[in-house]
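The residues making up each chain are set out below.
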Amino acid sequence: MTVPHVAVVLAAGGSTRLGRPKQLLTRDGETLVHRAARMALASGAARVRVIVGAQADDVVAAVRDLPVECLVNPRWNEGLAGSVRVAVDALAAHDHATLLLTCDQPALQVTHLQALLEAARHAPSGCAATRFGDRVAVVHSRLSAGKRLEAWWRAHSGAAQVVVGPRSALFSPVRNLGLVVIDEEHDDSYKQNETPRY
């Protein structure tokens, strides 16, 4: 018999770079925090706790229709670790599996959570985490020419489905490009003023 797990959705961040709470962004008309909590419930969790902080009232309102418990992280502006501490304190008596997820993963599916829980059940440590593994290529100017060519070839061949790097990574020959994420776009170091401008 499988012991039910508890799920914790981390949704306390201030999203300062974005300028508005990520938790309240929507996908198909549903806020990301609602979606994460709903998926945590669908994973079979016995309880779901949502850690809130910035915009707490709005985040709580977004999950009000779900059978979840919201806990406030009063020190949300100190980073993710504060929310994890709130979760740990709330689960002090819980000695079974805990599924920890953030709410800013719009592509997350219940099957991902179930696979993670299944992997944890079979791991000697009882723990599991997700990773991209060999599907990521890192491209930057400090790579040797050989390493840069290898990363570019992996992107071109499709072996690497994610390319990470500074602005020069934009020139990687990615097949079937689906999304470009520019973090810290407001920083002038991401802008090229000489030709070609980008």
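Look a little higher up for the structure.
Below is a short write-up of the structure. Only a predicted model underlies this, so the values are computations on that prediction, with no experimental measurement involved.

1. A look at the pairing of strand β5 (residues 69-72)
Argument step 1. Note: strand β4 (residues 47-52) against β5, four bridges, orientation parallel. Each residue of the ladder has a partner; that of Arg49, found in β5, is Glu69.
Argument step 2. Considered for its hand, the β-α-β crossover made up of β4, helix α2 (residues 56-62) and β5 is right-handed.

2. Some words on helix α5 (residues 145-157)
Argument step 1. For α5, which comprises 13 residues, the first-to-last C-alpha distance of 18 Å matches the rise-based estimate of 18 Å (1.5 Å per residue) to within 8%.
Argument step 2. Buried residues of α5: Ala151, Arg154 and Ala155, and no others. What you see down the axis of α5 is that its buried residues fit within an arc of 100°, all on one side. For α5, the exposed residues lying more than 90 degrees away from the buried face are Ala145, Leu149 and Trp153.
Argument step 3. Packing partners of the buried residues in α5 comprise β7 (136-138) and β8 (162-164).
Argument step 4. Of the residues trailing α5, Gly158 is marked for its positive phi of about 95°.

3. Focus on the side chain of Gln23
Argument step 1. The residue Gln23 is located in the loop between β1 (6-11) and β2 (26-27) in this model.
Argument step 2. From its side chain, Gln23 meets the backbone oxygen of Gly13 in a polar contact 2.8 Å long.
Argument step 3. Once you skip the residues sitting within four places of it in the chain, Gln23 turns out to touch Ala11, Ala12, Gly13, Ser15, Thr31, Leu32, Val33, Ala54, Val59 and Cys103.

4. A look at the environment of Leu108
Argument step 1. Within the secondary structure, Leu108 sits in the loop between β6 (98-102) and α4 (110-122).
Argument step 2. Through-space distance from the C-alpha of Leu108 to that of Ala36 is 8.0 Å; in sequence the pair is 72 residues apart.
Argument step 3. Every residue in contact with Leu108, bar those within four places of it in the chain, is listed here: Arg35, Met39, Leu101 and Leu113.

5. What to know about the packing of helix α1 (residues 32-42) against α4
Argument step 1. Look at α1 against α4: their axes get within 9 Å of each other, and the N-to-C directions meet at 50°. Classed by the angle they form, the pair α1 and α4 counts as oblique. The way α1 lies across α4 gives a crossing that is right-handed. Taken together, the residues of α4 that come into contact with α1 (itself represented by Met39, Ala40 and Ala42) are Val110, Leu113 and Gln114.
Argument step 2. In terms of residue class, the contact of α1 with α4 is built from five nonpolar, one polar and no charged.

Criteria and cut-off values
- Per chain, residues are indexed from 1 in the order of the written sequence.
- Restriction of local features to residues with pLDDT of at least 70 applies here, the model being predicted, together with a cutoff of 80 or more for giving and counting side-chain atom pairs; totals for whole chains, interfaces and linings are based on all residues.
- Side-chain numbers here rest on the full set of heavy atoms in the structure, without hydrogens or water.
- Pairs of strands are assigned from DSSP output, requiring at least two bridges between the strands.
- Starting at the N terminus, helices and strands are each numbered in turn, a helix being any DSSP run of H or I of at least four residues and a strand any DSSP run of E of at least two.
- Whether a crossover is right-handed depends on one test, that the path from the first strand over the helix to the second runs clockwise when the strands point away from the viewer.
- A helix is expected to span 1.5 Å for every residue after the first.
- Buried residues are those whose accessible area, probed at 1.4 Å on protein chains only, stays under 20% of the maximum for their type, while exposed residues exceed 50% and partly exposed ones sit between those limits.
- Arc, as used here, means the arc of the directions from the helix axis to the C-beta atoms.
- By definition in these notes, contact holds between two residues if any of their heavy atoms fall within 4.5 Å.
- What qualifies as a polar contact is a pair of N or O atoms within 3.5 Å, subject to a donor-acceptor requirement within protein and to the restriction that residues adjacent in sequence count only when both atoms come from side chains.
- For helices, the axis comes from a line fit to the C-alpha atoms of the stretch in contact; other axes are also lines fit to C-alpha atoms, and the angle between any two N-to-C directions lies between 0 and 180 degrees.
- Should an angle lie under 35 degrees it is considered roughly parallel, over 145 roughly antiparallel, and from 65 to 115 roughly perpendicular; all remaining angles are considered oblique.
- Definitions for this section: a left-handed crossing has its near helix turned counterclockwise from the far helix by less than a right angle. A right-handed crossing has that turn clockwise.
- Polarity classes work like this: nonpolar for Ala, Val, Leu, Ile, Met, Phe, Trp, Tyr, Cys and Pro, charged for Asp, Glu, Lys and Arg, and polar for all others, with Gly in that last group.

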